[in-house]
Amino acid sequence: GKTFQMCKMLFEKFLEEGKKFILLTRHKKDLGTIADGCFEGYFQVEHPEYHMREVLQMGHTFSRVYADTKVGEETSSVECGYVIPLSAVNDIKKISSLFFDTWCFFFDEFMPVDDRFLKNEVDYLLNIYKSVARGEGSAVRYMPIYMCSNTLSIQNPYFKALGLTSKLQSNTHFYKGSGVVFENCDNVEGLAEMH
């Protein structure tokens, strides 16, 4: 599925190049569960020797993500990313230089089933992006934001902010615009057979 493939891309890039990632969530209360929730299925299939662990930082402002592996009685840990809640936007601005070693953001299930987005959520994400996407000798560096969801509502605040509401139709599978790529993978028929 979508989360499996994203986790595969993130973890393989980390193993090959040492590039860390940022996982996004809405609420501070979610910290401590996001990384394991994302990566557990991928690890079971591809890397059963690994387990993700989050260590909360600055009173639920963000968490550091560690990939732990156990060989015999020995456990080794390596920091591979961070989890940032959008609701911590003001705190993240103050410590943004901590995230200089990241290459992308991943926001899994960015469209909540109950449509309960944060007030000003898109602004929060953009502020975090602007704070973190600096460094490497310049004021701005390329940092893609990958967003996935099982739920798809054309009237969500992200699509509105990106101007996608007027560009996408019910049968749109792929759209490339200025600074945005949308892909709709509909596997309902195949999934129904599998279930």
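As shown above, the structure is provided for reference.
Parameters and conventions
Counting starts from 1 at the beginning of each chain's written sequence and moves along it residue by residue. Given that this is a predicted model, residues contribute local features only at a pLDDT of at least 70 and side-chain atom pairs are listed and counted only at 80 or more, while totals for whole chains, interfaces and linings are drawn from all residues. Processing note: side-chain calculations cover all non-hydrogen atoms of the structure and skip hydrogens and water entirely. The pairing criterion is simple: DSSP has to find at least two bridges between the two strands. Runs of H or I in DSSP of at least four residues are treated as helices and runs of E of at least two as strands, each being numbered from the N terminus. Interaxial angle, 0 to 180 degrees, is taken between N-to-C directions of lines fitted to C-alpha atoms, where a helix line uses only the stretch in contact. Note on definitions: a residue-residue contact is assigned when non-hydrogen atoms from the two residues lie within 4.5 Å. Summary of the burial criterion: residues with accessible area below 20% of their type's maximum are buried, those above 50% are exposed, and those between are partly exposed, where the area comes from a 1.4 Å probe applied to protein chains only. Given the number of residues in a helix, its expected span is that number minus one, multiplied by 1.5 Å. Here the word oblique covers every angle except those under 35 degrees (roughly parallel), over 145 (roughly antiparallel) and from 65 to 115 (roughly perpendicular). Charged residues are taken to be Asp, Glu, Lys and Arg, nonpolar residues to be Ala, Val, Leu, Ile, Met, Phe, Trp, Tyr, Cys and Pro, and polar residues to be all remaining types, Gly included. Put simply, a salt bridge is a Lys or Arg side-chain nitrogen that is within 4 Å of an Asp or Glu carboxyl oxygen.

Even after reading the chapter, I still don't get the sheet that holds strand β2 (residues 50–57), so can you show me in this structure?
To summarise the sheet geometry, strands pair through backbone hydrogen bonds and adopt either a parallel or an antiparallel arrangement. Sheet architecture is open: six strands sit in the order β2-β3-β4-β1-β5-β6, paired in mixed fashion. In this open sheet, the two edge strands, each paired with only one partner strand, are β2 and β6 (145–148). Within the sheet, the average angular offset between the axes of one strand and its neighbour, ignoring direction, is 30°. Along the sheet face, helix α1 (residues 2–17) touches β1 (20–25), β2, β3 (62–71), β4 (74–85), β5 (102–108) and β6 and points at about 165° away from the line of β5.

Hey, could you run me through the side chain of Asn156 in this one?
With respect to the helices, strands and loops of the structure, Asn156 is situated in the loop between β6 and α5 (157–161). Residue class for Asn156 comes out buried when judged on its relative accessible area of 1%. Setting aside its immediate chain neighbours within four residues, Asn156 contacts Phe110, Met111 and Phe117.

Would you take a moment to explain the environment of Phe106 for this structure?
Along the chain, Phe106 turns up in strand β5. For the pair Phe106 and Tyr146, spaced 40 residues apart in sequence, the C-alpha to C-alpha distance is 4.8 Å. If we skip the residues at most four places from it in the chain, Phe106 touches Met6, Leu10, Ile22, Leu23, Leu24, Cys38, Tyr146 and Cys148.

Got a minute to help me understand α1 in this structure?
Helical periodicity: at 3.6 residues per turn, an α-helix aligns residues three or four positions apart in one direction. When the terminal C-alpha atoms of α1 are compared, their 22 Å separation across 16 residues agrees well with the 22 Å that a helix rising 1.5 Å per residue should span. Just beyond α1, the residue with positive phi is Gly18, at close to 70°.

Could you clarify how one ought to interpret the packing of α1 against helix α2 (residues 34–46) in this entry?
Each pair of packed helices can be described by the angle between their axes along with the distance between the axes. Relative to each other, α1 and α2 sit at 75°, their axes nearing to 9 Å. With respect to α2, the axis of α1 lies roughly perpendicular. Residues Thr3, Phe4, Cys7, Lys8, Leu10, Phe11 and Glu12 of α1 form the contact with α2, whose own contacting residues are Cys38, Phe39, Gly41, Tyr42, Phe43, Val45 and Glu46. Here the contact of α1 with α2 is composed, by residue class, of nine nonpolar, two polar and three charged.

Before we go on, may I ask you to explain the pattern of salt bridges in this structure?
When the charged atoms of two side chains with opposite charge come close together, those side chains can pair. Enumeration over the complete set of coordinates arrives at 11 salt bridges. For Arg53, the salt bridge goes to Asp68, with nearest N and O atoms at 2.6 Å. A residue pair is termed long-range when its members are at least 10 positions apart, and Arg53 in strand β2 and Asp68 in strand β3 qualify at 15 residues. One salt bridge connects Glu79 with Arg64, and the closest N-O pair in it is separated by 3.3 Å. Pair noted here: Glu79 is in strand β4 and Arg64 is in strand β3, with a separation of 15 residues, a long-range link. Here Glu79 matches Arg64 in class, with each residue buried. The network of salt bridges with shared partners includes Lys20, Arg64, Glu79 and Asp101.

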